[in-house]
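Fold and contact review
Here's the letter readout for the chains.
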Amino acid sequence: MKKLMTILVLFAMSGVAMAQNAQTVDPNKPIDLTMNIADVEKTVTVPRKEITEREYNKLVNAGNQNVERKGNWLTGYKYYYNEHQETQITQQKVTTTRDYLNVKENGTLGNSGLTYTITASQDYDNGKLVNGFVRQTAQGYFTVTEDVPANKVVAVQFLGAEIEDGSGNITHTSSDKISDYGIYLYDTAKGEKVGDYLSVRDFNNFFGEAAGIEAGTSFGVYYKDNNGNIIASTGDGMKRNDYYGYYYGEAKDAKNGMLGNFDINSHTLTVYDSTGNPTPQETNKHFMCLSSGEYGKDSFQIVHWEFMLQTTLDDPYYPVNPKDFFDGDGAVVVDDPVVNGVTGQPLPGTLATLLIGGLCAGSLRKRNKK
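Residues numbered from 1 in each chain as written. Predicted model: local features only at pLDDT ≥ 70, side-chain atom pairs only at ≥ 80, totals over all residues. Heavy atoms only, no water.

1. Focus on the overall build of the protein
- In terms of helices and strands, the protein carries three helices and 24 strands.
- Taken across its 370 residues, the protein has 44% of its residues classed as buried.
- For the protein, the accessible surface area stands at approximately 19400 Å², while carbon and sulfur atoms represent 50% of it. (Helix = DSSP H or I, 4+ residues; strand = E, 2+ residues; numbered from the N terminus. Buried < 20%, exposed > 50% of the residue type's maximum accessible area, 1.4 Å probe, protein only. Areas by Shrake-Rupley, 256 points an atom, 1.4 Å probe, with all protein chains shown as cover.)

2. Description of the environment of Val 153
- Tracing the backbone through its elements, the reader meets Val 153 in the loop between strand S12 (136-144) and strand S13 (156-164).
- Sequence-wise, Val 153 and Thr 312 are 159 residues apart; in three dimensions their C-alpha atoms are separated by 6.6 Å.

3. Side note on the side chain of Thr 145
- Position of Thr 145 among the secondary structure elements: in the loop between S12 and S13.
- A relative accessible area of 18% places Thr 145 in the buried class.
- One polar contact links Thr 145 to Asp 147, side chain to side chain, over a distance of 2.8 Å.
- With near-sequence residues (within four places) excluded, Thr 145 lies in contact with Gly 113, Leu 114, Thr 115, Ala 215 and Gly 216. (Polar contact = N/O pair within 3.5 Å; in protein donor to acceptor, adjacent residues only side chain to side chain. Contact = heavy atoms within 4.5 Å.)

4. Some words on the packing of aromatic side chains
- Per the counting criterion, the structure on display carries 17 aromatic pairs.
- Ring centres of Tyr 100 and Tyr 116 lie 6.4 Å apart, and the angle between their planes is 85°; on these two criteria the pair is classed as edge-to-face. With Tyr 100 in the loop between strand S6 (96-99) and strand S7 (102-103) and Tyr 116 in strand S9 (residues 114-123), this pair connects stretches of sequence that are 16 residues apart.
- Residue class for Tyr 100 comes out buried when judged on its relative accessible area of 1%.
- Linked through ring pairs, Tyr 100, Tyr 116, Phe 142, Phe 158, Tyr 181, Phe 203, Phe 207, Phe 219, Tyr 223, Trp 305 and Phe 307 together constitute an aromatic cluster.
- It is Arg 69 that lies over the ring of Tyr 77; its NZ or CZ is 4.2 Å from the centre. (Phe/Tyr/Trp six-rings, centres within 6.5 Å; stacked < 30°, edge-to-face > 60°. Lys NZ or Arg CZ within 6 Å of the ring centre and 35° of its normal.)

5. Here's the deal with the environment of Tyr 318
- In this structure, Tyr 318 sits in the loop between strand S22 (304-311) and strand S23 (339-340).
- Measuring from C-alpha to C-alpha, the distance between Tyr 318 and Leu 159 comes to 7.7 Å, with 159 residues separating the pair along the chain.

6. Overview of the pattern of salt bridges
- With the rule as written, the count across this model stands at four salt bridges.
- With its nearest N and O atoms 3.2 Å apart, the salt bridge here joins Asp 236 to Lys 255. Remark: Lys 255 occurs in the loop between strand S17 (230-232) and strand S18 (258-260) and Asp 236 occurs in the loop between S17 and S18; sequence separation between them is 19 residues.
- On the basis of relative accessibility, which here comes to 51%, the residue Lys 255 falls in the exposed class.
- Here Asp 314 ties to Lys 285 by a salt bridge, and the two come within 2.9 Å at their closest N and O atoms. You can see Asp 314 sitting in the loop between S22 and S23 and its partner Lys 285 sitting in the loop between strand S20 (278-283) and strand S21 (288-291), a full 29 residues away along the chain.
- Under the relative-accessibility criterion, Asp 314 is labelled buried at 6%. (Salt bridge = Lys/Arg side-chain N within 4 Å of Asp/Glu carboxyl O.)

7. As for the sheet that holds strand S4 (residues 76-81)
- What the three strands build is an open sheet, ordered S2-S4-S3; its pairing is antiparallel. A single partner strand is all that each edge strand has here, and the edge strands are strand S2 (49-51) and strand S3 (67-72). Direction aside, the axes of adjacent strands within the sheet are offset by 35° on average.
- Alignment of S2 against S4, held across three bridges, turns out to be antiparallel. By the bridge assignment, Glu 50 is partnered in S4 with Tyr 80.
- Sheet strands touched by helix H2 (residues 53-61): S2, S3 and S4. Its angle to S3, the strand with the most contacts, is close to 130°. (Pairing = 2+ DSSP bridges. Axes fitted to C-alpha atoms, helices over the stretch in contact; angles between N-to-C directions.)

Pasting the structure below:
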């Protein structure tokens, strides 16, 4: 009996230690779109210039070989710092990669299977603090991690997607509708989109091997509005709106799309058990905003689209039904979405409903969003 008690005490102590060591995050903090600052070396050509005798002597005494004295004691001397190459070190923003956090209900970090990389970033609204944080706009892409277990299904799915009008209310006016959304493959070496835009309709909200997604794959996220504009997270979109969905003159193809991190709230997922009873579950994974506009030229649009992602590697994993993401006529209908069971194996939407008893994620609702 004493041995059993000792074992139980050791297990309890181990559990406490693990809980203390578990990494936690601030659930109220928005997704970080800050770029790191690093020392960047650059070689520059310094042109020849005339200098004073004092400057000349100082450079000579320091062993500098790029100096020259011309003239004589009768005519006088002139001193020059000759053209030469110099290495300058400046602090610059650099491309920054972070984990796309999957926050569990207890605040610890679960596996997400994704990182996100920010290639351009700036503070929004002159760095004004809102709810204690500086909001940011950025451009970037996502990457599936390399440490994917063997024989594991990897697929990217939208955990949520909706139009936001900036005040916390979902809008479905004629200028705010979207006609499609999805992902596109991205070449990180060339810094450009690869291939076609891959519709959530065509892939039933399951962007797996058929979409080119595997370990190490990078991709951007896009949506298409009802005016035909494609707004892309890396800025590779098309046909920028001139002003809130209305064209003044001829529409022109342009770099189009910027991310934002305005969401600081938790969200409620409505999950249904095998008997059909709804069970609300909280998630602290925040929305990323996506807005039209050329990065650095246009302000972040008040009306914008928002999304959350997950992979079949996510822990916890939420089987989702994209039909529940929108209300009314704002929906982008996915006829037969793929809903995944807890094993991560893909199941067609109808079959999945039968096998897991209608388990699906319901609408995501924001509270005091802006």
